[in-house]
Amino acid sequence: MLHAPSLQEVLRSALDPAPAHAPAPGDRLAAVLAPLVETPERSMIFTVRSDDLSRHPGEVSFPGGLVDQGESAADAARREAFEEIGLDPALPQLVGALPAVHTYVSSILVVPFVGLLELPPDLFAAEAEIKEIIRVPLAGLATVEEPMELPREDGGVWRGWAYPADGHTIWGATGLIVHSFLEVLRVEAPWALN
C-alpha cells in the first residue's frame, strides 16, 4: 500500500526550514505567522488591524511584527501571535517559511512562517492592535483569488493579489503571502484545496 503524505510532510519538504534573511540597509526585519487550521475544515486565521494603528490601519494581516534584538524570526512570529490573538506559542507546528516579502511603504522585510493547528484554537484579540479575528476556508481563498494592480507614488505599478473574505479584502503583503502559499499547495498538494 502506498503512503499518502500528510499536509505537514508536504509543507516541511516544500518550505524553507531555517530562513536566514537580512534586511537591506534602512529596512527592518519582521515575521508573521500564517496559522493554518486543519480540521474540521482547512482554513487560515487572519487579523483585522485596529483603525487606530499608525501603520496599515484596518487592513487584514497575519499576526506578526518586528523581530526583537537577539530573537529568531520564528520566535518573533510565535510571540506576536500570542500578543495579538492569544495563540499559545506551543500550539502551532511551524513547518517552514514562505519567501520573504518586502513592504515598500514601511521598509520592512517580512518572513512568513506557516504554522499548522489541528483544531481551531481559542483566541482573543488584543484590542489595542486587533479589531477582529477571522478564519477563511483555504478552498475559498483559492477560488476568489484575483490579480491586483495599484499605481505607486514613484510612478511604478504595484502588482499583487486580492482575496475578498468576510466583508474584507486581503491584499498587500498579506495577499502576496497567501498567493505564495496557494502556489505551493497547487503544485505540492492540490488535494488540500478541496
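What counts and what doesn't
- Residues numbered from 1 in each chain as written.
- Predicted model: local features only at pLDDT ≥ 70, side-chain atom pairs only at ≥ 80, totals over all residues.
- Heavy atoms only, no water.
- Helix = DSSP H or I, 4+ residues; strand = E, 2+ residues; numbered from the N terminus.
- Rg over C-alpha atoms; globule rule 2.2 N^0.38 Å.
- Buried < 20%, exposed > 50% of the residue type's maximum accessible area, 1.4 Å probe, protein only.
- Pairing = 2+ DSSP bridges.
- Axes fitted to C-alpha atoms, helices over the stretch in contact; angles between N-to-C directions.
- Core = buried A, V, L, I, M, F, W, Y, C linked by side-chain atoms within 4.5 Å.
- Contact = heavy atoms within 4.5 Å.
- Salt bridge = Lys/Arg side-chain N within 4 Å of Asp/Glu carboxyl O.

### Here we look at the overall build of the protein
Step number 1: Along the protein, the regular secondary structure elements total 4 helices and 11 strands.
Step number 2: A compact globule built from 194 residues should have a C-alpha radius of gyration of about 16 Å, and the protein, at 16 Å, falls within 12% of that.
Step number 3: Projected onto the principal axes, the alpha-carbon positions of the protein cover approximately 55 × 35 × 30 Å.
Step number 4: For the protein, with 194 residues in total, the buried portion stands at 47%.

### Looking at the sheet that holds strand β10 (residues 157-165)
Step number 1: The antiparallel open sheet is built from 3 strands, whose spatial order is β9-β10-β11. Each edge of the open sheet carries a strand with a single partner, namely β9 (146-151) and β11 (168-170). The mean inter-strand angle of the sheet, taken between neighbouring strand axes irrespective of direction, is 45°.
Step number 2: Direction of pairing for β9 relative to β10: antiparallel, over a ladder of 6 bridges. Its bridge partner lying in β10, E146 is registered against A162.

### Comments concerning the nonpolar core
What tends to happen in soluble globular proteins is that the nonpolar side chains get buried as a cluster.
Step number 1: Residues L11, M44, F46, L138, L141, F181 and L185 are the most contacted members of the largest nonpolar core, which totals 36 residues.
Step number 2: Mapped onto this core, the elements with two or more residues apiece are α1 (7-14), β1 (28-37), β2 (43-49), β7 (108-117), β8 (130-137), α3 (138-144), β10 and α4 (172-188).
Step number 3: It is α4 that contributes the most residues to this core, 6 residues altogether.
Step number 4: Contacts of L138, omitting those with residues within four sequence positions, involve L36, R42, S43, M44, F181, L182, L185, A192 and L193.
Step number 5: Of all hydrophobic cores here, the second largest spans 19 residues; its members include L29, V37, V67 and A77.

### Thoughts on the pattern of salt bridges
Step number 1: Throughout the structure, instances matching the rule amount to 8 salt bridges.
Step number 2: Note that E80 is salt-bridged to R79, the shortest N-O span being 3.0 Å.
Step number 3: Here R152 makes a salt bridge to D154, at a shortest N to O gap of 2.7 Å.
Step number 4: In this structure D154 comes out as exposed when scored by relative accessible area, which is 56%.

It is worth stressing that arrangement in space is one thing and function is another; only the former is reported here.
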